[in-house]
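# A closer look at the structure
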Amino acid sequence: MKVIVGNNEQISKLIAEEFIKQVNEKPNSVLGLATGTSPLKVYANMIKAYKNGKVSYKDVVTFNLDEYIGLEGTHNQSYRYFMNDNLFDHIDIDKNNTHVLLGVGDYLAYANQYDELIKQAGGIDLQILGIGSDGHIAFNEPGTPFDSLTHVAELAESTIKDNSRLFNDISEVPTKAVTMGLKSIMNAKRIVLIATGKNKAQAIYNLLKGKMTEEVPCSILQKHPDCTIYVDEEAYSLVK
Ligand code: GLP
């Protein structure tokens, strides 16, 4: 794994440049997208590049990592809403080519098809990941099997607590989600992970210095052949 350290502005710009280059080289790229606070500036840079005529996303296909069970796509904390609001509504992407797992209705049937849909699209060319303070990626919490495909997951207490900042009350945070599995994520041809802030320092230490174990879901990335970890000084502080 390669590590790049910079402030949030710098690393977000570098990651956005990777996405823009990917799309310019292969206009029908398959992109793996993430939600959370971490990728926000990456998406802002991707929008800016589109508005400045530097890239078009019209033939791009996207797959998002996860979705809360129980939230409609119109709920302002659903990941479908997040993606529309922070990226898709501001670029020329065809929304029919954007895939986000369903949180309501027959979410299980869709989840069961998800890995096959990714495969049929040609596989993910470039995947962005955030990371949870407990080392989760997507909603793969500690203990998730490394060979997991898209599935229903229970959120860890610490994740519910971390994510409650975005809801009116902790009781409103869904306790379950549908998520791409660790194997689904590892199938991506290239992966970039972004982590900023002290709250991520232990997870980044475990990722870069710890042993590969299902107790630390992100540690599976140690065996990915093309993965770069972008961090700020705070997230990197325990490694140095
Ligand atoms: C959620 C998401 C993850 C994300 C994590 C970190 O749990 N399911 O995909 O990486 O939050 O979020 P943030 O970037 O807001 O710290």
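The following refers to the structure shown. (Residues numbered from 1 in each chain as written. Predicted model: local features only at pLDDT ≥ 70, side-chain atom pairs only at ≥ 80, totals over all residues. Heavy atoms only, no water.)

### Focus on the overall build of the protein
Per the secondary structure count, the protein includes seven helices and ten strands. For the protein, the C-alpha radius of gyration of 17 Å lies close to 18 Å, the compact-globule estimate for 240 residues. With the principal axes as the frame, the protein shows a C-alpha extent of 40 × 40 × 35 Å. The buried share of the protein, taken over its 240 residues, is 53%. A total accessible area of about 10,800 Å² is found for the protein, and carbon and sulfur atoms account for 48% of it. Computed over 24 positive and 30 negative side-chain charges, the separation of the two mean positions in the protein equals 7 Å. (Helix = DSSP H or I, 4+ residues; strand = E, 2+ residues; numbered from the N terminus. Rg over C-alpha atoms; globule rule 2.2 N^0.38 Å. Buried < 20%, exposed > 50% of the residue type's maximum accessible area, 1.4 Å probe, protein only. Areas by Shrake-Rupley, 256 points an atom, 1.4 Å probe, with all protein chains shown as cover. Lys, Arg positive; Asp, Glu negative; His and termini not counted. Charge placed at Lys NZ, Arg CZ, Asp CG, Glu CD.)

### Let's talk about the sheet that holds strand S7 (residues 151–154)
Pairing within the open sheet is antiparallel, and its three strands lie in the order S4-S8-S7. The open sheet is flanked by strand S4 (66–68) and S7, the only strands paired with a single partner. Adjacent strand axes in the sheet meet at a mean angle of 30 degrees when their direction is disregarded. (Pairing = 2+ DSSP bridges. Axes fitted to C-alpha atoms, helices over the stretch in contact; angles between N-to-C directions.)

### Let's talk about the site of the ligand
Near the ligand you find 14 residues, and of these Thr 37, Ser 38, Asp 66, His 136 and Lys 200 are the closest. Here an oxygen atom of the ligand sits 3.2 Å away from a polar atom, N or O, in the main chain of Ile 131. Arg 165 is positioned such that a nitrogen or oxygen atom in its side chain is 2.9 Å from an oxygen atom of the ligand. For the ligand, whose accessible area on its own is 390 Å², the fraction buried by protein is 94%. Residues that form the shell around the ligand fall into these classes: four nonpolar, seven polar and three charged. (Near = heavy atom within 4 Å. Polar contact = N/O pair within 3.5 Å; in protein donor to acceptor, adjacent residues only side chain to side chain. Nonpolar A, V, L, I, M, F, W, Y, C, P; charged D, E, K, R; others polar.)

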